[in-house]
Structure formats: structure tokens, C-alpha cells
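# Results of the structural survey
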Amino acid sequence: MKFKISLVLVFVTSLASYAQVKLEGVVKDSIGNPLELANVVAVNQETKVLDAYGITSPDGKYRLSLNQNSTYKVQISYIGMKTGEKIIETKNSDLTEDFILQNDNTLDAVELVYEMPVTVKGDTIVYNADSFKNGSERKLEDVLEKLPGVEINDSGQIEVEGTVVQKVTVNGKDFFDGDSKLATENIPSNAVDKIEVLRNFSEVSQLKSVENNENNYAINVKLKEGKENFWFGDVKVGAGAAPAPNDALYLVQPKLFYYSPKYSINLIGDLNNIGEPALTNREVRNFGGGFRAPSRDSGTSLSLGDNGLSGLTSVSNSQKVEAKLAATNFSYSPNKALDLSGFLIFNSTRLSTRQESFIRYTDPDLGIPDEETVNTGKESSDQGLVKLSASYKPNINNQLDYDVLASLSKDSEAQTELSSVIGSTNQLEEVTPFSITQNLKYYYTLNENNIFALEALHVLKDEDPFYDAYLNNDPTNNGTDDEDAYDETAEQLGLDRSLNYYNLGQDERVKSNQFDAKFDYYNILNSKSNINLTLGTIFSRQDFNSNIFQFLEDDETLDATPTIVDEEGDLLTAANDTRYNFSDVYLGARYNLRLGIFTFRPGVSLHAYGNQNIQFGEKYEDNFFRVLPEFETRVQFKKSESLQFNYRMSNQFTDVTNIARGLVLNSFDNLSYGNPELQNGLSHNLTLRYRSFNLFNYTNVFATVNYSKNIDQIRSIANFENVISTSTYFNSQFADESLSASGRWQRTFGKIRTGLSANFNYSLNNQFIEDRQSESKSFSQTYRPEIRTNFNEAPNIRLRYTYSVTNTDQGTRNTKIIRNAPSVSFDAYIWDSLTFVTDYAYTNQDVDGESESYQSWDARLAYRKNQDSKWEFEVNASNLLNIDANINNNVGTFSVSNSSTFILPRFVTFRVIYSL
């Protein structure tokens, strides 16, 4: 197989250089200065097709690859200069041709016969979408994947120059608050004219010159002419037969869009059972609405916890999926000063899951038996989100923004677990969380040297998880050597052991109320320096109640009466009643200085912290001051190349559930209790980032190195009874460390794009089991070479190979996992009517010499009369090989697990798409 892949690579690469010559030279102005970022195009005079394009380097150099024995019109354009043109005839040898451009005082727009595929305008990179299409594209993501420097990562997020894009807009208007996945998977590719990548992105123009925005990226999608003031989009309807009898497949997905200068409306609907939801329940749950905490750069990290459904299985790991979605997004500008926008999302999913696992515990001295489990489950989730936003800009000196987001969901998971140690267990989790988030921002520019900013965020959350577990019990075995595996735990919980079952229940309630605000003052000292002073605060209150009980016969209940004691020997309760108050008042200062190619940003913040938790009438307090320094420096070698270093010290605080000292059932086999005297953890974080985006030779390089050291980290210590663990939390005196490095190299040769990415991760974590401390060290490395074509007329192929090795040393056990994963994607647009797309991937995982593998293969064949046809007919096949399950190996804190996750069977569906 390796020989075949190598042969294909050699063949494809050779196409890039077949029968071509190089044209290169220098572009200068009238006084001999080189012109960087000038646009160069070569139009074949016989075919009238743009055969090559380029961007000049900082030295004014350009380089084009042209066909032999052809005649070209070479055109050079640069803002503020008259366009230069020359007719070039190529033979069989390379050519050199310099250009001198003259000043243009008419200030007319530069006119090009052909549009540049890529242009650079300051901090904005503009891609002409049609230059990268071959006809097989259907959605925005199909175009984005072909743009140099742009990637769609494994999570479906857009990455530019190695950084995740923060926001996506369409014609400058918010698209579901900039959620990139909704945009990439729903906006039709035939509506896209330009894709603008906005570097150093800031939503507030007044702060663009004084804030640190180097790592902020956004994408604006410009629609084609004629798409404004008209509805566009498509409606897809599909059907098919499932392997199970009397279980038909269905798909209905309307996606409609309307844009005008004053307002826009986006409508997305989804109804299907073929595993292709527009949004999964996990994605909706993480749909934050674009909110960013004012204290994000203060050095304080405070968690409110997450007490929702613990399952949230990925759709790709489900045996059955039913999805419903109704979503609408709008924007309205009644006048130039006021912008109104918002969205409404309702999402409903039903999942069926199955997973088989084998778990080996890492320390044989602990006597924890290895365990085999079979889990089958059904998940149900109904979610609703609504957001309203207003932005008022009466003039360039004032801007007022307000946002409110409300979310409500009803989630449940029923699960049956068959364990080789515990036996059969039925579990039920239910939760109906509710939250309201409000954001207020005001920016005022007094004059050219003084800017003021106010940001405030309020979060209100109410979570009510309920848990129930049903286990079999043989009461005749009590007190004998043949006791059930759960009998000892039941004794420690104080349960009634006379019944032939244990039916455990737990009610919880977590209410969170947090206010986060800051006031900023920016003083621009001169053209190269400014100072920023910040006064901020965080106030948070969390109330936590819980109770463990046992369901008896005749609907009676019995409160648990544990005999378990904590580290101090005090008896634990099965209930919690905890109030946790947190405050942080801080004053910060940052200085920004530019000296040539260097930028320095030293900063420091002084914090006054207050912690108080009250439990069962007892009060625990901790008040202290801390100074948190930060530093950043940036070297801008040239417009497209930079090196950046960051250091930050931060304080990390936990949520109320880790402080509450009563017992909590995380699951029937995982109990925990909190520590009311927990302190904060301190971390040192260092980042080194390099970027180079070279349009002269089409080479993109991105690399990042991160190091963090955590002191007084909040860690857990666990004790085991069989496979049932009881854990608590404490501040570890042992520091944990992690070091990671990642990089990506990408080079384009004509219509061929090659790439190589690599990731390295090292971590040292201290783990605590049965009062014993040990170190767990892990080192992983991943390499991913890739080559892909982007021909306009010929079929295209992408070859990718992923190789990773993970070595874990847990003191008593060493584990080595090797993963090999080659994949191939092929797409072809044939006879201007047929589209064929297929993806195949093979994954092999080797754990300490034991190897397992699985495959995936999907394909799509579509027909439309021509690109302008409104009707398209499609046959779609997923999991063509009808693979039952995916294999996954994982090294945890106490164990090594091997699991098989069962997936959707082979589905073949017929679809009809109507485009507006």
C-alpha cells in the first residue's frame, strides 16, 4: 500500500511542473523602491484564461509558472500606481522581466481584466471564491478547505494561520453570532463571491489601535451580486431504507437566506434520522452566543462548573440518531446608528448508544480487579436558545452594546451497564438547566489621546440534576464470603440491605449568580506607545443542595446514613447545603511600546480575593492579596512574518461542588465529597508563536510552543472498594507540568498543495490513590503529511496520513499506543453535470503489541443539468463497508481502557435538492 501511495504522490507532483517555464522579476516604483504585495496576473491570450497569479515579496520579487510556447498578457497592479502591462511569449526556457510602475494621481480604482485569486489589503486577505472552485462544492466549507492558509479542523472549526476564527459574518452582518460551524455547513457555495480573512480583528474600531488583537481572526463572506434583496438557499429532501425492517430513513433540510442593506433573515431547518444533524446537542449546549468575560485577561480563572447531562454522546458514536432543528437569525438596521440582531434555536435529538469496554487498572498492588463492561443507552435532549442584541453608534466617539441570551433544555439519559464485577445496573439521569446571560459594553473616545471602556457581564444559572441507579442484590449473602460486589459500598452508605435490589436516588440543585465587570482607560502617549489602566471586579455566589436516598417498596424512601469518614476522621453526610461566595477586586496596568520591528507589552495586576463558604452553620473564609504579572513581546520581521512570546501568571478557583463536604453520587460506582478548605491553584503559562504567510512562494508556516506549570493544583485522591471509588479534593504540594508544541508547513505548487503538521505533548501529573502519590508521565507525537490537488477541469484528490505514538509511564505500568490512519478523498465534476465525491479512511491502533483496526467509507453521486440548474438529484451512501464499531484506546489516571463504540450501519439515501 505504501508503494501505491508513493507512486500516486510522484505522479501528482509531476503534473505541477509538466511543460512549464518560470517567469520572474522585480516590481519597483519610479524611483527604484521595491513594491511589496503588488498583484501579478498572467492571462493566456489564446484561451483568455488566467493561467497564473502571484504577489510580490518584500523585495518586490514575483514568480509565475507558465505554459511553454504560449503568449501571455502579464498585468501588474498596486494601489496608488498605474497598472503595468506587457505581452510575454514563452519558449522552452525561463524568463526574467522587471516592471516599473508610475504614480497614479487620478485616485481611480484599479481595474483588472481578471480578478486576483488572492489579494492583500492591510490586515485583510481577500480570496476570490470562484478561483478555487471546480464545481463539486456545495457548502462554504468545501470552498474554505481549498484556500491557502485556511483549514477546517477535526472539530469543524475554521483555522487561519493556525488560529481558530472567532467570528463569521455574511456581508458584514452577524450569522448566528459568528458560529463558524453553522456557517460552513449551511451557506451555499454558489452564493459566495469573496471570502475576507480579517487579521487583528476587533469589533470596536475605537480600540483597534490600543488593544492586543494579534491573535484575533474573523471571516466575512461577501455574497455574489444579485443575491441581495432576493431569497437564496436550498431545500433538501431525502429518503432511504434502513437495515432494520419497518424503519425508513428520512431527511428534510430547508436552508433559506435573505440579505438586504437594511436587514437579513436566515432560516435553517432539519428533520432526519440518518446521522446528519445541522447541530448536535453538544454543539447547542456549547453555543455561547459570542460572550466573552471582561475578566478574561485579568489573570483570574473562576469556574461555575457544569452540572448538566454527563453523557452527551457524539452523533458519530451512536447506533441510532433522530434530529430536529428550527433556527432563525435576523439583523435589522433602522438607521446608520442602530443595529439590532438576534437568533432563536430549537434543537431536539434522540440517540441510541452501545459501548463495550475492557478496563485494566494500572497498580496491581491495589487489588482492583480488571473489568469488562457493556453499556447501552438512550439519550434525549430538547434545547432552546434565544438571543437579542443591540448596538448603538450615534457617532465615531460613542458605542453602546447590549446582549441577552436565554437557554433552557430538558435532557435525560437512560443507561444499562453490564459489568463483570458489579453485574447489571440500570441508570437514569435527568436535568433541566436554565440560564440567562447579559452583557453591556460602552466605549467613549474623549479625544485622540483618551479612550474609556466599560464592560459588564451577568450570568444566572439554575441546574437540577437527578440521578437514579438500580442494582440487583441477594440479601441472603450478607455477611458471607459470597457478598455481592456492591454490598460493602451499600453498607458504607447506610442502605437497607434486606431487599433484593438497591435503588439509589440523588437530587441536586446548583444555583449560580455571577457579576463580572471592568472599567478601562487608555491613554495614547505618542504614535508608538500607550498605557492601559483597568479597575475590575468579579462577584459570584453559588448555592448547592444535594441528597442521597434509597427507594424502598411501596414508593417509600430512606435517606442514606453513611459510615464513611473524611481525612480528618469526621463522619460524612449524604446531604449538602452549601453557599459559596467569591470576590475579586483588581487593579491592572499595561504598557504598550513599539520600537521598530519590536512591540513590548508588560503588565501587572493587583488582586484582593475573598472566599467564603457556609456549610451546615459553619463558615470557612480565606482573604488574601496577590500580584499577577504578565508580559508579551512581538517581533514583526515583515508584514507576513512574526514571532510572539507571552507569559502570564494566573489564579485558578474551583466551583461549589468541589467545596461541598457531603457525599455526592457522580455515578453508582463513583462517589466524591468536597473540601471546604480548598485554596486556589497558581499557574505559570508561557507561549511562543511563529507565523509566516508568504504569498510570493505560496508557503505558510505556523508553529506554537506552550509550557505551563501548576502550583497548589486542586487534585483528587481516590480510594477503591472493588472498582467503586470514593474521592475527595485537596491542594497538591507537587507541581504538575505540561509542554506542547505544534506546527504546520504548507506549500502550493500551481494546482498542487502539500502540507505537513506535527504535534508533540509532554505532561507530568501527580496522581493519588489509596494515600499513595505517584507520577504519571505521558509523551505523545503526531505527524500528518498531506497532498491535495485543486484542478478546475480535472478530478481532485487529497491524500492524508496520520501517525501518532503515545507513551505513558504510570509508575507501575508503561503503555504504548501507536495509531496509523491513512485516508483519501476524491471529487470530480464530470461533463458539467455529474458530481462524484468519496472519502475513505483506515485506522489501526496498536496497544502494547495488540492491534485492532476499523475503516470508514462514504460516497456521494449527484446530477444537475448544469451549474445554473435549480434541481439536483443525489445518491448518498455512508458507512459503505457496514462497519459495526470504532475502536478507541485511552490511558486514564488510574487505568487503561480499550473500547468499541458501535456506530450507525450502512445508509443509502436518495435526495432531491431545489435551489432558490
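Residues numbered from 1 in each chain as written. Predicted model: local features only at pLDDT ≥ 70, side-chain atom pairs only at ≥ 80, totals over all residues. Heavy atoms only, no water.

### Remarks on the overall build of the chain
Counting its regular elements, the chain contains five helices and 53 strands. Here the chain has a C-alpha radius of gyration of 30 Å; the compact-globule value for 916 residues is 29 Å, and the two agree. Dimensions of the chain along its principal axes, counting C-alpha atoms only, are 100 × 70 × 55 Å. Of all 916 residues assigned to the chain, the portion counted as buried reaches 50%. A separation threshold of at least 6 residues defines the contact pool for the chain, and within that pool the share at least 24 residues apart is 66%. In the structure as shown, the chain presents an accessible area of about 41,700 Å², 52% of it carried by carbon and sulfur atoms. The average position of the 84 basic charges and that of the 122 acidic charges among the side chains of the chain differ by 12 Å. (Helix = DSSP H or I, 4+ residues; strand = E, 2+ residues; numbered from the N terminus. Rg over C-alpha atoms; globule rule 2.2 N^0.38 Å. Buried < 20%, exposed > 50% of the residue type's maximum accessible area, 1.4 Å probe, protein only. Contact = heavy atoms within 4.5 Å. Areas by Shrake-Rupley, 256 points an atom, 1.4 Å probe, with all protein chains shown as cover. Lys, Arg positive; Asp, Glu negative; His and termini not counted. Charge placed at Lys NZ, Arg CZ, Asp CG, Glu CD.)

### Section: the sheet that holds strand β12 (residues 158–160)
Read across the sheet, three strands follow the order β11-β12-β13 without closing on themselves; strand pairing throughout is antiparallel. Strands at the two margins of the open sheet, each flanked by one partner only, are β11 (150–152) and β13 (163–164). In the sheet, β11 pairs with β12 via three bridges, with the strands oriented antiparallel. Residue pairing for β12: Val 150 is matched across the bridge by Val 160. (Pairing = 2+ DSSP bridges.)

### A few points about the sheet that holds strand β16 (residues 192–199)
Within a beta sheet, neighbouring strands are joined by backbone hydrogen bonds and run either parallel or antiparallel to one another. In spatial order, the strands read β9-β10-β16-β17-β14-β15; together these six strands make up an open sheet with mixed pairing. One side of each edge strand has no neighbouring strand; the edge strands of this open sheet are β9 (118–121) and β15 (173–174). Where β16 meets strand β17 (residues 217–223), seven bridges bridge the pair, whose relative direction is antiparallel. Along β17, the bridge assignment pairs Lys 194 with Lys 222.

### Observations concerning unusual backbone geometry
Peptide bonds are mostly trans, and most non-glycine residues show a negative phi. Non-glycine residue Asn 69 carries a positive phi angle of around 55°. Along the chain, Asn 69 falls in the loop between β4 (61–67) and β5 (71–77).

### Section: the confidence of the model for the chain
Summarising the model, the chain shows a mean pLDDT of 87, and 94% of its residues fall at 70 or more. Within the model, the stretch residues 1–18 combines pLDDT values under 50 with eleven contacts to residues more than four positions away or in other chains. Across residues 107–113, where pLDDT falls below 50, the model places nine contacts with residues more than four positions away in sequence or in other chains. (pLDDT = per-residue confidence, 0-100.)

### So, the packing of aromatic side chains
In total, this model carries 24 aromatic pairs according to the counting rule given. Ring geometry for Trp 231 and Tyr 258: centres 5.4 Å apart, planes at 50°, overall tilted. Separated by 27 residues along the polypeptide, Trp 231 in strand β18 (residues 231–241) and Tyr 258 in strand β19 (residues 248–259) bring together distant segments of the chain. Classification of Tyr 258 as buried rests on a relative accessible area of 13%. Judged by centre distance (6.2 Å) and plane angle (25°), the rings of Phe 452 and Phe 519 are stacked. Residue Phe 452 is located in strand β28 (residues 450–463), and its partner Phe 519 is located in strand β30 (residues 501–526); the two are separated by 67 residues in the primary sequence. Look at Phe 452 and you get partly exposed, because its relative accessible area is 24%. Taken together through their ring pairs, the aromatic side chains of Phe 175, Phe 176, Phe 232, Phe 257, Tyr 259 and Phe 343 make up a single cluster. Over the face of the ring belonging to Phe 902 we find Arg 354, whose NZ or CZ atom lies 5.4 Å from the ring centre. Directly above the ring of Phe 291 sits Lys 387, whose terminal nitrogen or CZ lies 4.9 Å from the centroid. (Phe/Tyr/Trp six-rings, centres within 6.5 Å; stacked < 30°, edge-to-face > 60°. Lys NZ or Arg CZ within 6 Å of the ring centre and 35° of its normal.)

### A few points about the pattern of salt bridges
Under the counting rule described, the total for this entry stands at 35 salt bridges. Salt-bridge contacts for Glu 137 lead to Lys 146; the nearest nitrogen and oxygen are separated by 2.4 Å. Pair check on accessibility: Glu 137 and Lys 146 agree, each one buried. Taken together, the shared-partner salt bridges in this structure form one network comprising Glu 276, Arg 860, Glu 874 and Arg 911. (Salt bridge = Lys/Arg side-chain N within 4 Å of Asp/Glu carboxyl O.)

### Examining a negative patch on the surface
Taken together, the side chains of Glu 567, Glu 568, Asp 570, Glu 677 and Asp 771 make up a negatively charged region of the molecular surface. With respect to the helices and strands, Glu 568 occurs in the loop between β32 (557–559) and β33 (575–595). Taking the relative accessible area as the measure of exposure, Glu 568 reaches 67% and is therefore exposed. (Patch = residues over 30% accessible without salt bridge, like charges linked within 9 Å, V, L, I, M, F, W, Y side chains within 5 Å.)

### Some remarks on the environment of Thr 687
When you line up the elements, Thr 687 lands in strand β39 (residues 681–694). Here Thr 687 falls in the buried class, since its relative accessible area comes to 15%. For Thr 687 and Tyr 707, which are 20 residues apart along the polypeptide, the C-alpha to C-alpha distance reads 6.6 Å. For Thr 687, the side chain forms a polar contact with the side chain of Asn 706, separated by 2.7 Å. (Polar contact = N/O pair within 3.5 Å; in protein donor to acceptor, adjacent residues only side chain to side chain.)

### Here we look at the pairing of strand β42 (residues 724–731)
In terms of burial, β42 is a largely internal element, six of the eight residues being buried. Inspection of the sheet shows strand β38 (residues 670–673) paired to β42 by three bridges, in the parallel sense. In the sheet register, Asn 670 faces β42, and the bridge partner there is Ser 725. Bridge count for strand β41 (residues 714–721) against β42 is eight bridges, and the pairing is antiparallel. Opposite Ala 718, over in β42, you have Ser 727 as the bridge partner. The antiparallel hairpin formed by β41 and β42 contains two residues in its connecting segment, where Asn 722 sits at a positive phi of about 60°.

### Overview of empty space enclosed by the protein
Applying the stated criterion to the full structure yields one cavity of 30 Å³ or more. By volume, the largest cavity amounts to about 40 Å³. In terms of lining residues, the largest cavity is bounded by Asp 174, Asp 177, Asn 329, Ser 341, Gly 342, Phe 343, Lys 387 and Ser 389. Sorting the residues of the lining of the largest cavity by element identifies β23 (338–361) and β24 (371–395) as the ones contributing at least two each. In terms of residue count, β23 provides more of the lining of the largest cavity than any other element does, three residues in total. Of the residues that constitute the lining of the largest cavity, the class distribution is one nonpolar, four polar and three charged. (1 Å grid on protein atoms, 1.4 Å probe; cavity = no way out; pocket = protein on both sides within 12 Å on 5 of 7 lines; lining within 4 Å. Points joined across faces, edges and corners; volume = space filled by probe spheres on them. Nonpolar A, V, L, I, M, F, W, Y, C, P; charged D, E, K, R; others polar.)

### Let's talk about the nonpolar core
Ranked by internal contacts, the top residues of the largest apolar core, which has 55 residues, are Tyr 127, Leu 144, Ile 158, Phe 175, Phe 176, Ile 195 and Ile 219. No other element matches β17, which puts four residues into this core. Not counting the four nearest positions on each side in its chain, Phe 175 is found in contact with Val 168, Thr 169, Val 170, Leu 182, Ala 183, Ile 187, Phe 257, Tyr 259, Asn 266, Ile 268 and Asn 329. One finds Ile 422, Ala 469, Ile 564 and Leu 665 within the second-largest nonpolar core, a separate group that totals 29 residues. (Core = buried A, V, L, I, M, F, W, Y, C linked by side-chain atoms within 4.5 Å.)

### So, a nonpolar patch on the surface
A surface patch of nonpolar side chains, amounting to about 1,000 Å² of accessible area, comprises Tyr 392, Leu 400, Tyr 402, Leu 440, Tyr 442, Leu 454, Phe 515, Phe 519, Leu 535, Phe 539, Val 585 and Leu 587. Along the chain, Phe 515 turns up in strand β30. Residue classification places Phe 515 among the partly exposed residues on the basis of a relative accessible area of 36%.

### Some points on the environment of Asn 200
Tracing the chain through its elements places Asn 200 in the loop between β16 and β17. With 76 residues separating them in the primary sequence, Asn 200 and Thr 124 have C-alpha atoms 8.9 Å apart. Among all residues touching Asn 200, those that are not within four sequence positions of it are Asp 123, Lys 208, Asn 213, Glu 214 and Asn 216.

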